[in-house]
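Now for the letters of each chain:
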Amino acid sequence: VGMAAGKRGSEDPAIAKMLCLHIPALHPPSFTELELEVPALVQISALVGVGLLYQASGQRLMTEVMLGEIARPPTNELLGCRESYSVAAGIALGLVSLGRGSDPGLADLFIEDKLGSYMHGRAP
């Protein structure tokens, strides 16, 4: 998180690779979860780090991933801190999309509608 805060908004590729290694949703399909077990608190910290690193960029991939991670079904490793994981993904989504409310490149994601559905306990 500290390195991402130091390079806030820069999208630095080296730090991005390090953070993405700790977020299973950003692993390539060929990467098995058995190869690397990442503790839940590290995953949560990596989510916030991604938000800081991509702050106000409106980067589509990160926006899509964070939006999906908010509603990610709990896994065994995340059962005890599911709410923390969702809040961290929400903070990261907010940071990535900061100032991008009218960005036409993100309009087809229907972010507001999905977040509203999540608040009411419905899947979008």
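This text follows the structure it describes.
Owing to the predicted nature of the structure, the values given are computational and were not obtained by experimental measurement. (Residues numbered from 1 in each chain as written. Predicted model: local features only at pLDDT ≥ 70, side-chain atom pairs only at ≥ 80, totals over all residues. Heavy atoms only, no water.)

## A word on the overall build of the protein chain
A tally of regular secondary structure across the protein chain gives six helices and zero strands. In the protein chain, the succession of α and β elements from N to C terminus is α-α-α-α-α-α. The globule rule puts the C-alpha radius of gyration for 124 residues at 14 Å, and the 14 Å found for the protein chain is close to it. A principal-axis box enclosing the C-alpha atoms of the protein chain has dimensions of 40 × 35 × 25 Å. Each of the 124 residues in the protein chain was classed as buried or not, and the buried ones make up 39%. Distance between charge centres in the protein chain, computed from 9 positive and 13 negative side chains, equals 5 Å. (Helix = DSSP H or I, 4+ residues; strand = E, 2+ residues; numbered from the N terminus. Rg over C-alpha atoms; globule rule 2.2 N^0.38 Å. Buried < 20%, exposed > 50% of the residue type's maximum accessible area, 1.4 Å probe, protein only. Lys, Arg positive; Asp, Glu negative; His and termini not counted. Charge placed at Lys NZ, Arg CZ, Asp CG, Glu CD.)

## Observations regarding the pattern of salt bridges
For the structure shown, the criterion picks out five salt bridges. A salt bridge links Arg-60 to Glu-64; the nearest nitrogen and oxygen atoms lie 2.8 Å apart. Highlighted residues: Arg-60 and Glu-64, both in helix H4 (residues 60–70), separated by four residues, approximately one helical turn. Given the relative accessible area of 30%, Arg-60 is considered partly exposed. The salt bridge partner of Arg-72 is Glu-69, with a shortest N-O separation of 3.3 Å. Neither Arg-72 nor Glu-69 differs from the other in exposure class; each is buried. Linked by salt bridges that have partners in common, Arg-60, Glu-64 and Asp-108 make up one network. (Salt bridge = Lys/Arg side-chain N within 4 Å of Asp/Glu carboxyl O.)

## Some points on the state of the cysteines
Two cysteines joined by a covalent bond between their sulfur atoms form a disulfide. Taken as a whole and judged by the stated rule, the model has zero disulfides. Left without a disulfide partner, Cys-81 is nearest to the cysteine sulfur of Cys-20, which lies 19 Å away. (Disulfide = S-S within 2.5 Å.)

## With respect to the packing of H4 against helix H5 (residues 82–96)
Helix-helix packing is described using two parameters, namely the angle between the two axes and the distance between the axes. It is the contact of H4 with H5, at a shortest axis distance of 8 Å, that shows an interaxial angle of 155 degrees. By the angle between their directions, the pair H4 and H5 is classed as roughly antiparallel. The two elements H4 and H5 cross, and the hand of that crossing is left-handed. Contacts between H4 and H5 involve Met-62, Thr-63, Met-66, Leu-67, Glu-69 and Ile-70 from the first element and Arg-82, Tyr-85, Ser-86, Ala-89, Gly-90, Ala-92, Leu-93 and Val-96 from the second. Counted by class, the contact of H4 with H5 contains nine nonpolar, three polar and two charged residues. (Axes fitted to C-alpha atoms, helices over the stretch in contact; angles between N-to-C directions. Parallel < 35°, antiparallel > 145°, perpendicular 65-115°, else oblique. Left-handed = near helix turned anticlockwise from the far one by under 90°. Contact = heavy atoms within 4.5 Å. Nonpolar A, V, L, I, M, F, W, Y, C, P; charged D, E, K, R; others polar.)

## What about the nonpolar core?
Residues Ile-23 and Met-66 are the most contacted members of the largest nonpolar core, which totals 32 residues. Of all the elements in the fold, those that place two or more residues in this core are helix H2 (13–20), helix H3 (40–53), H4 and H5. In this structure Met-66 touches Ile-23, Leu-47, Val-50, Ala-89, Ala-92 and Leu-93, once residues within four positions along its chain are discounted. (Core = buried A, V, L, I, M, F, W, Y, C linked by side-chain atoms within 4.5 Å.)

## A word on the packing of H4 against helix H6 (residues 111–119)
Contact geometry for H4 and H6: axes closest at 10 Å, N-to-C directions at 15 degrees. Classed by the angle they form, the pair H4 and H6 counts as roughly parallel. Helix-helix and strand crossings are classified by hand; for H4 and H6 the assignment is left-handed. Across the interface between the two elements, Thr-63, Leu-67 and Ile-70 from H4 touch Ile-111, Lys-114, Leu-115 and Tyr-118 from H6.

It is worth stressing that arrangement in space is one thing and function is another; only the former is reported here.
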